[in-house]
Amino acid sequence: MTVKIIALMGSPLPEGNTGKLLEEATRGAKDAGCSVARVNVCDLSFSGCMEYYYCENNDSCYINDEFSPFLQRFKNMDGLIIATPVMTMGVPGQLKSFMDRFQVYFMAKYKRNQPLITKEQKKWRRTLLLSIGGMNIKNDYDGIKLTTESFCDIIDCPYYDGVFQNNMDKVKDITTRTEIMEAAYNKSFRMCSEITENKEKYS
């Protein structure tokens, strides 16, 4: 049985610190026996939500662009890893626009009461959040967490856990924080192992 994880990269620097953290989480997912597909959001060409409200009565978006296939890909995935830096105390623009296009899921779940994710899938789908911030301030991740938790609710892939490292303006290289790198690996491994176990149990 294949367990499919999407690793969503929200930084425009795929080989930067966010990318290094995502690589560790990806390694953990693969060691747990999962298939991982990495998506660099900033490489995609797509529009933000334009509020056409076509999705109010349809399971698709009126806009057809490079985002469009992800409506089906997210329906078929078993778990999600989101890796993103903090920008202006929140989710970077390109990643936020990507999330906003899932109004298709919102309308199906909350407007029509016809969620796109089955009751069985809900029993195993999970999301891990990885995030780094430049500043060393108390509320650095409040915006990221609120947006991610809301997004996870909309797509029925519940927030599972997070790995966070702030003060990166001083730290510079995430690999020097071995406990953070290990946390990315371990939490991903644990989440993906639980996803696999529950998928085998409930599917």
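Our structure's up above, just so we're on the same page.
Residues numbered from 1 in each chain as written. Predicted model: local features only at pLDDT ≥ 70, side-chain atom pairs only at ≥ 80, totals over all residues. Heavy atoms only, no water.

### What about the pairing of strand 3 (residues 79-85)?
Consecutive side chains of a regular strand alternate in pointing toward one face of the sheet and then the other.
Part 1: When you tally the buried positions in strand 3, you get 7 out of 7 residues, the bulk of the element.
Part 2: Residues G79, I81, A83 and P85 line one face of strand 3 and the alternating positions L80, I82 and T84 line the opposite face, and both faces are buried.
Part 3: Sheet topology note: the strand 1 (residues 4-9)/strand 3 ladder contains 5 bridges and is parallel. The residue bridging I6 from the neighbouring strand is L80, located in strand 3.
Part 4: As defined by bridge partners, strand 3 adjoins strand 4 (residues 126-132) across 7 bridges and the pair is classed as parallel. Following the sheet pairing, A83 is matched in strand 4 by L130. (Buried < 20%, exposed > 50% of the residue type's maximum accessible area, 1.4 Å probe, protein only. Helix = DSSP H or I, 4+ residues; strand = E, 2+ residues; numbered from the N terminus. Pairing = 2+ DSSP bridges.)

### Quick notes on the nonpolar core
Part 1: In this structure, L8, F74, L80, F98, F102, Y105 and I155 are the most contacted members of the largest nonpolar core, which totals 33 residues.
Part 2: When contributions to this core are tallied by element, the ones reaching two or more residues are strand 1, helix 2 (70-76), strand 3, helix 3 (93-100), helix 4 (103-111) and helix 6 (142-154).
Part 3: Among the elements that take part in this core, helix 4 stands out by supplying 4 residues, more than any other.
Part 4: When neighbours within four sequence positions are excluded, F102 is seen to be in contact with F67, F70, L71, F74, F151, I154 and I155.
Part 5: In terms of nonpolar packing, the next biggest core, distinct from the first, is built from 28 residues, M9, V36, L130 and I174 among them. (Core = buried A, V, L, I, M, F, W, Y, C linked by side-chain atoms within 4.5 Å. Contact = heavy atoms within 4.5 Å.)

### A few points about the state of the cysteines
Part 1: Throughout the structure, instances matching the rule amount to 0 disulfides.
Part 2: Of all cysteine sulfurs in the structure, the one in C157 sits closest to C152, which takes part in no disulfide; the separation is 6.1 Å. (Disulfide = S-S within 2.5 Å.)

### Re helix 4
Part 1: Taken together, the buried positions of helix 4 are V104, Y105, M107, A108 and K109.
Part 2: Structurally, helix 4 contributes buried residues whose contacts are with helix 2 and helix 6.

### Concerning the pattern of salt bridges
Part 1: The full count for this structure, using the stated rule, is 11 salt bridges.
Part 2: With a closest N to O distance of 3.0 Å, K199 and D78 form a salt bridge. Placement of K199 in helix 8 (residues 178-202) and of D78 in the loop between helix 2 and strand 3 is noted, with a sequence separation of 121 residues between them.
Part 3: One salt bridge connects D153 with K109, and the closest N-O pair in it is separated by 3.6 Å. Of the two residues, D153 is situated in helix 6 and K109 in helix 4; the sequence distance between them amounts to 44 residues.
Part 4: For K109, a relative accessible area of 15% gives the class buried.
Part 5: Several salt bridges converge on common partners, so that one network encompasses K109, D153 and D156. (Salt bridge = Lys/Arg side-chain N within 4 Å of Asp/Glu carboxyl O.)

### Comments concerning the sheet that holds strand 2 (residues 35-40)
In sheet architecture, strand pairing relies on hydrogen bonds along the backbone and comes in two forms, parallel and antiparallel.
Part 1: Strand order in the open sheet formed by 5 strands is 2-1-3-4-5, and the pairing between neighbours is parallel. This sheet does not close on itself; its edge strands, each paired only once, are strand 2 and strand 5 (159-165). Across the sheet, the axes of successive neighbouring strands diverge by a mean angle of 15°, strand direction being ignored.
Part 2: With 6 bridges connecting them, strand 1 and strand 2 associate as parallel partners. From the neighbouring strand, L8 faces strand 2, where its bridge partner is V39.
Part 3: Its contacts with the sheet place helix 1 (residues 17-31) against strand 1, strand 2, strand 3 and strand 4, and it is angled at close to 150° to strand 4. (Axes fitted to C-alpha atoms, helices over the stretch in contact; angles between N-to-C directions.)

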